[in-house]
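The lines below spell out each chain.
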Amino acid sequence: MVKEVLRFLAIQPGQVFLDMTFGGGGHTKAILEDCSDVTVLALDRDPIAFSLAQQLAKQHIELETLLSELQIRPGSVDAVLLDAGCSSMQMDRPERGFLLSKDGPLDMRMDADRYPDMPCAADVVNALDQQALASVLTAYGEERHARKIASAIVEARSIYPITRTQQLASIVAGAFPASALHARLDRLQRPSHVATKTFQAIRMFVNNELNELLAGLRAAQACLKPGGRLCVLTFHSLEDRLVKRFLHGLDLDSPPRRSLHQKVRRGLGDREEGDGDEEGKTGGKVNAHWVPLQRGVVTPQGQDVAENPRGRSAKLRAALRQ
């Protein structure tokens with residue numbers, strides 16, 4: 001949703017833009033093409049993003065500093081973008097271990113090997129006890145069959161260590177009848193592998209993604225000027241729920257409030273929505289720090305999904321710093 005991001009950020013010449021999740025640099029490149037007279041500050045956990053940012057800096061020589069140790073003062077930034085999804089450069093590299101459809105080492109660390117002592121996905125599935133594994137799958141993957149999957153993982157690792165992505169995918173699939181392998185449907189009603197939520201949960205746990213997202217939101221709140229703009233892209237309900245509650249000034253530790261309709265859907269096993277009904281109950285009110293630029297959430301249109309199928313579940317929220 002690059003066009004929507006550009007529209008909400010509305011960056012003007014001479015302004016300072018902070019890309020908190022540079023990734024492959026797609027959004028930053030689009031912003032520079034739209035308005036080259038802008039100072040870009042770019043951050044990312046992934047070492048590969050650093051080299052990509054350096055390449056982009058060579059194309060825009062007016063940027064004195066891009067992806068370096070920056071002294072960002074409070075209230076000094078005009079616009080911030082936070083993209084919480086995995087980038088294609090991570091997904092498309094089997095050696096990074098993010099996709100169950102491509103065999104590779106069971107890694108999933110967004111920091112890659114910058115911190116050798118940081119646990120990877122293989123460490124998680126081979127070290128956590130069954131109850132802890134089930135808790136991870138439930139909390140981060142909203143997986144209804146967490147106990148069954150955790151039991152299968154523990155049984156398999158008692159015979160041999162789990163070290164490969166497709167090895168884990170096969171173990172999870174083996175916990176279900178063959179008919180259930182692709183019985184789940186994604187948002188485009190396409191078959192989805194039964195291990196998809198397991199991979200999501202382990203990746204989020206390994207990278208501490210929800211806490212990182214919250215830290216990014218708080219940093220954006222601190223560094224934006226009054227009148228500055230924030231755009232946040234999320235890709236599943238856990239992330240979007242956190243962003244929504246933060247922008248509405250709600251207690252992040254309390255359970256979400258749900259409408260009757262959502263409670264019924266949840267009881268029927270539909271956990272894809274899972275967003276609560278806080279927007280309706282707050283009447284669109286926000287806290288003292290934020291004013292929404294558009295009520296509710298913006299989702300991809302047909303053309304966006306056709307151009308980037310991986311972004312089919314994206315949700316965009318935009319707000320103005322008070």
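Residues numbered from 1 in each chain as written. Predicted model: local features only at pLDDT ≥ 70, side-chain atom pairs only at ≥ 80, totals over all residues. Heavy atoms only, no water.

What to know about the nonpolar core
Formed by 37 residues in total, the largest nonpolar core has its most connected members in Leu 106, Ile 153, Leu 168 and Ile 202. For this core, the secondary structure elements donating two or more residues are α5 (121-127), α6 (130-141), α7 (146-157), α8 (165-174) and α9 (196-207). Core analysis: the second largest hydrophobic core is formed by 21 residues, Met 20, Ala 220, Leu 230 and Phe 246 among them. (Core = buried A, V, L, I, M, F, W, Y, C linked by side-chain atoms within 4.5 Å. Buried < 20%, exposed > 50% of the residue type's maximum accessible area, 1.4 Å probe, protein only. Helix = DSSP H or I, 4+ residues; strand = E, 2+ residues; numbered from the N terminus.)

Considering helix α1 (residues 2-9)
Listed in full, the buried residues belonging to α1 are Glu 4, Val 5, Phe 8 and Leu 9. Down the axis of α1, the buried set is contained in an arc of 125°. They therefore lie on one face. Of the surrounding secondary structure, the elements contacted by the buried residues of α1 are β1 (16-19), α2 (26-34), β3 (77-83), β6 (224-234), α14 (302-307) and β8 (315-321). Positive phi appears at Ala 10, one or two residues downstream of α1, with a value of about 45°. (Arc of directions from axis to C-beta. Contact = heavy atoms within 4.5 Å.)

A look at the confidence of the model for the chain
Detailed reading of the predicted coordinates is not advisable wherever pLDDT is low. Confidence in the prediction for the chain averages 80 pLDDT; 75% of positions are at 70 or higher. Between the elements of the chain, mean pLDDT differs from a low of 49, seen in helix α12 (residues 260-267), to a high of 98, seen in α7. This model gives residues 260-265 a pLDDT under 50, and the stretch forms five contacts once residues within four places in sequence are excluded. Contacts of residues 268-274 to residues separated by more than four positions or lying in other chains number 15 contacts, the stretch itself having pLDDT below 50. (pLDDT = per-residue confidence, 0-100.)

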